[in-house]
Amino acid sequence: MEVSKFLLIYLFFCYFCVLSNHNNGVEASHKVYQGLKSKTAVKVKQLHRTGYHFQPPRNWINDPNGPMYYKGIYHLFYQYNPKGAVWGNIVWAHSVSKDLINWEALEPAIYPSKPFDIKGCWSGSATVLPGNKPVIFYTGIDPQGKQIQNYAIPSNSSDPYLRQWTKPTDNPIAVAGFKMNKTAFRDPTTAWKIDEHWRMLVGGRRNQRGIAHLYRSRDFKKWTKAQHPLHSVPNTGMWECPDFYPVALFGEAGQNTSAFGPNVKHVLKVSLDATRFEYYTLGEYFPSRDKYVVDMDSIDGRDGLRYDYGNFYASKSFFDPVKDRRILWGWANESDTPQDDVSKGWAGIQTIPRKVWLDPNRKQLLQWPVEEIETLRSQNVRLSEKKLKLGDRIEVEEITAAQADVDVTFSIPNLDKAEPFDPSWTNAQELCSLKGSSVQGGVGPFGLLTLASQKLEEYTPVFFRVFKAQYKHVVLLCSDARSSSLRNIGLYKPSFAGFVDVDLSEKKQLSLRSLIDHSVVESFGAGGKTCITSRVYPTLAVFGDAHLFAFNNGTETIIVDLNAWSMRKPNKMNN
Ligand code: DQQ
């Protein structure tokens, strides 16, 4: 977009944003660093700006909202501050795409304009009703700072871009009851319909109990709170951005949110404000009583399964009827440090959209970047059956290592040398920081050194390590940001990690796909069983000075088959 056009839109944003006096008396769910302006960082912003991840030209973004498909167009809404690179003045920004790769920014779909949302338009979801009628649910912040649930409908449903939205006068559709916490009541889900009744959830908290409040409606207008929440769990704190949907028992096809029957299980995902991590459970949903019964082996609490063990929050899924799949988007959330925000000037990206489906083992979900992303692949390099002995490191040359897609399989000839697993190692992240990529092991650590400077002053290693427990092997996947940047002040550099539930006795192979994009490394271990997104801010390993290596620091020799591509930028990324 030419500068003048951008300026016009920007001024328009600013115009309506003065109407909103954000965060006044409302329990904030994001830290706000007053005084930091996007201009502060213009000098360095290009260094870490991503090439093919979703982002607006500038300013702060957080949660993906609503996603949906309508008349040939994918719509992604997202929480956006039109006035700066920190959280505040939140509107529903709106972008549209025909391929999930190229995005065109439209004017914000929803912004504070009515008494029921004058202090903010917070997260929510879209539902496409029978007859192809989209409706948005979102949380409005009222003049007293209370969180209330509203709806909006397209002003002109013949416009596939759905540029304008109307907020009917019968809003709000749900307010917190007398005994409910009015500043912990937000983020309505996509609605689902079974037996003539619509249902939707709203996230909440009572003391430290996280709650998914359940609402029902016959006509989609009048919503009544059910006596019992769909689910609640003590000691989990506020449940932000709940997501509830069916997954097929067999195969990878997605299910419409209202699908129900013997061939589906259900997923309930919540984002924990207290930890800034998400977790999900698998379970069985009984619509007649609106009961959700979590599977016995699904951990229901802070230690539960995660879509992603790294920078990933406030995610939201939707059913894509074109390709019969469920697509998941997450916000690759920032570290909560002011220096970090200063360094970016623009802040926040969405992850690459992922297809999500049930693992055939029915104990967890699987995720994989949508196939469309492969259209951005260009220059290709392959390594076939390369042996990596203890201490070996080979460079993957001739691709743009700062903007790449890497798909690698590690074959392990022999597992005998695996280190013993101490059963007290229950925290993957702690184990990763104890046994980093340079700590010699038996089987592993082996993996990739991404965003590495030539002399390895900086690198983000993504690697496996295999242990031998009493009855099986335990596999750890790490994405360790500790060595990612020479900058030490104001950067949060965690050793993100997750265990990988694979049976190595069947096939002694581990696969890893990493999408590298300047300041983000999105990794999918073992075909999407364990995913980790790291936001990193190198100072040397940037642009042409970024390198990619495969390495092995374990005594067992590992055989590597690798395919890597330079990634092109989409033609249009909201610009
Ligand atoms: N972000 C929104 C809230 C939500 C939180 C505000 C999650 O609606 O609970 O921007 O990141």
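Just so it is clear, the model here is predicted, and its values are computed rather than measured.

**Q** Could you give an account of the overall build of the chain, naming the residues involved and the relevant values?
**A** Scanning the chain for helices and strands turns up 4 helices and 36 strands. The globule rule puts the C-alpha radius of gyration for 575 residues at 25 Å, and the 23 Å found for the chain is close to it. Along the first, second and third principal axes, the C-alpha atoms of the chain reach 70 × 55 × 40 Å. Across the 575 residues that make up the chain, the buried fraction comes to 62%. Carbon and sulfur atoms make up 51% of the accessible area of the chain, which amounts to about 22,200 Å² in all. When the 69 basic and 58 acidic side-chain charges of the chain are each reduced to a single mean position, those positions are 5 Å apart.

**Q** Describe the domain arrangement of the chain, listing the residues and the values that go with them.
**A** When the domains of the chain are assigned, the result is domain 1 (60–369) and domain 2 (378–567). When each unit is reduced to the centre of its C-alpha atoms, the spacing between domain 1 and domain 2 is 32 Å. Contacts between the two partners involve 31 residues from domain 1, matched on the other side by 25 residues from domain 2. At the boundary of domain 1 with domain 2, total buried surface from both sides reaches about 2,200 Å², with 53% on carbon and sulfur atoms. Taken as a group, Tyr309, Asn311 and Trp368 account for 27% of the area that domain 1 buries against domain 2, more than any other trio of residues on that side. The tally of links between domain 1 and domain 2 comes to 3 salt bridges. Linking aspartate 501 and lysine 363 is a salt bridge whose minimum nitrogen-to-oxygen distance equals 3.9 Å. Counting every contact that joins domain 1 to domain 2 gives 10 residue pairs in polar contact (both at pLDDT 80 or more). Of all the secondary structure elements, the ones that give two or more residues to the side of domain 1 that touches domain 2 are helix H3 (338–344) and strand E23 (365–369). At 5 residues, the largest contribution of residues to the side of domain 1 that touches domain 2 is made by E23. Class assignment for the residues of the side of domain 1 that touches domain 2 results in 12 nonpolar, 12 polar and 7 charged.

**Q** Describe the pairing of strand E2 (residues 73–80), with residues and values.
**A** With respect to burial, E2 is a largely interior element, 8 of its 8 residues being buried. Of the two faces of E2, the one carrying Ile73, His75, Phe77 and Gln79 and the one carrying Tyr74, Leu76, Tyr78 and Tyr80 are both buried. Note that strand E1 (residues 59–70) and E2 share 6 bridges and pair antiparallel. Bridge pairing in E2 places tyrosine 70 opposite isoleucine 73. Hairpin connection from E1 to E2: 2 residues lie between these consecutive antiparallel strands, with lysine 71 at a positive phi of about 45 degrees.

**Q** Explain the sheet that holds strand E6 (residues 133–141) to me, and be specific about the residues and the numbers.
**A** With antiparallel pairing, 4 strands are arranged side by side in an open sheet as E5-E6-E7-E8. The outermost strands of the open sheet, each flanked by one partner alone, are strand E5 (121–129) and strand E8 (165–166). When E6 meets strand E7 (residues 147–154), the two strands line up antiparallel, connected through 6 bridges. In the strand pairing of E7, phenylalanine 137 is matched with tyrosine 151.

**Q** Residue-level account of unusual backbone geometry, with values.
**A** In this structure, proline 172 follows asparagine 171 across a cis peptide bond, with omega equal to -5 degrees. Relative to the helices and strands, proline 172 resides in the loop between E8 and strand E9 (185–186). Here glycine 444 and proline 445 are connected by a cis peptide whose omega angle stands at 10 degrees. Counting through the fold element by element, proline 445 comes out in strand E28 (residues 443–452).

**Q** Describe in detail the nonpolar core, supporting the description with residues and values.
**A** The biggest cluster of nonpolar side chains holds 44 residues, and the ones touching the most others in it are Phe464, Val466 and Leu562. Filtering out sequence-adjacent residues up to four positions away, valine 466 remains in contact with Ile412, Leu415, Ala418, Glu419, Val443, His473, Val474, Val475, Leu504 and Leu510. Core analysis: the next-biggest nonpolar cluster, separate from the first, contains 18 residues, Ala428, Leu456, Ala469 and Phe549 among them.

**Q** Now, about the pairing of strand E20 (residues 325–331): what can you tell me, with residues and values included?
**A** Taken across its 7 residues, E20 has 7 buried, putting it largely inside the fold. Residues Arg325, Ile327, Trp329 and Trp331 point to one face of E20 and Arg326, Leu328 and Gly330 to the other, with burial holding for every one of them. As paired elements, strand E19 (residues 313–320) and E20 share 6 bridges and run antiparallel to each other. Paired with serine 317 across the strands is leucine 328, a residue of E20. Linking E19 to E20, which pair antiparallel, is a turn of 4 residues; within it aspartate 324 sits at a positive phi near 45 degrees. As judged from the 2 bridges shared by E20 and strand E22 (residues 354–358), these two strands associate in the antiparallel manner.

**Q** Go over the environment of tryptophan 565 with me, naming the residues and quoting the values.
**A** Within the element layout of this structure, tryptophan 565 appears in strand E36 (residues 558–567). In the structure, tryptophan 565 is positioned 441 residues away from glycine 124 in sequence and 36 Å away in space, judged by C-alpha atoms. With near-sequence residues (within four places) excluded, tryptophan 565 lies in contact with Arg377, Ser378, Gln379, Asn380, Ile399, Gln403, Ala404, Asp405 and Asp407.

**Q** Describe the confidence of the model for the chain, listing the residues and the values that go with them.
**A** Residues with a pLDDT of 70 or more make up 90% of the chain, whose mean pLDDT is 91. Counting contacts from residues 1–28, a segment whose pLDDT is below 50, to residues more than four positions away or on other chains yields 52 contacts. Considering only residues more than four positions removed or in separate chains, one finds that residues 33–45, a stretch of pLDDT under 50, has 24 contacts.

**Q** Tell me what's going on with the environment of glutamate 506, and back it up with residues and numbers.
**A** Here glutamate 506 lies in the loop between strand E31 (495–500) and strand E32 (509–517). Overall, the relative accessible area of 70% leaves glutamate 506 in the exposed class. Sequence separation between glutamate 506 and alanine 564 is 58 residues, and the spatial gap between their C-alpha atoms is 27 Å.

**Q** I'd like to hear about the pattern of salt bridges, residue by residue, with values.
**A** The tally for this structure, following the rule as stated, stands at 28 salt bridges. Taking the shortest distance from any N to any O, the salt bridge between aspartate 273 and arginine 186 comes out at 3.7 Å. Taken together, the residues aspartate 273 in the loop between strand E16 (264–272) and strand E17 (277–286) and arginine 186 in strand E9 connect sequence positions 87 residues apart. On the basis of relative accessible area, arginine 186 is assigned to the buried category, the value being 1%.

How each quantity is defined
- Residues numbered from 1 in each chain as written.
- Predicted model: local features only at pLDDT ≥ 70, side-chain atom pairs only at ≥ 80, totals over all residues.
- Heavy atoms only, no water.
- Helix = DSSP H or I, 4+ residues; strand = E, 2+ residues; numbered from the N terminus.
- Rg over C-alpha atoms; globule rule 2.2 N^0.38 Å.
- Buried < 20%, exposed > 50% of the residue type's maximum accessible area, 1.4 Å probe, protein only.
- Areas by Shrake-Rupley, 256 points an atom, 1.4 Å probe, with all protein chains shown as cover.
- Lys, Arg positive; Asp, Glu negative; His and termini not counted.
- Charge placed at Lys NZ, Arg CZ, Asp CG, Glu CD.
- Domains from an automatic or database assignment.
- Contact = heavy atoms within 4.5 Å.
- Buried area = accessible area lost by both parts, 1.4 Å probe.
- Salt bridge = Lys/Arg side-chain N within 4 Å of Asp/Glu carboxyl O.
- Polar contact = N/O pair within 3.5 Å; in protein donor to acceptor, adjacent residues only side chain to side chain.
- Nonpolar A, V, L, I, M, F, W, Y, C, P; charged D, E, K, R; others polar.
- Pairing = 2+ DSSP bridges.
- Core = buried A, V, L, I, M, F, W, Y, C linked by side-chain atoms within 4.5 Å.
- pLDDT = per-residue confidence, 0-100.

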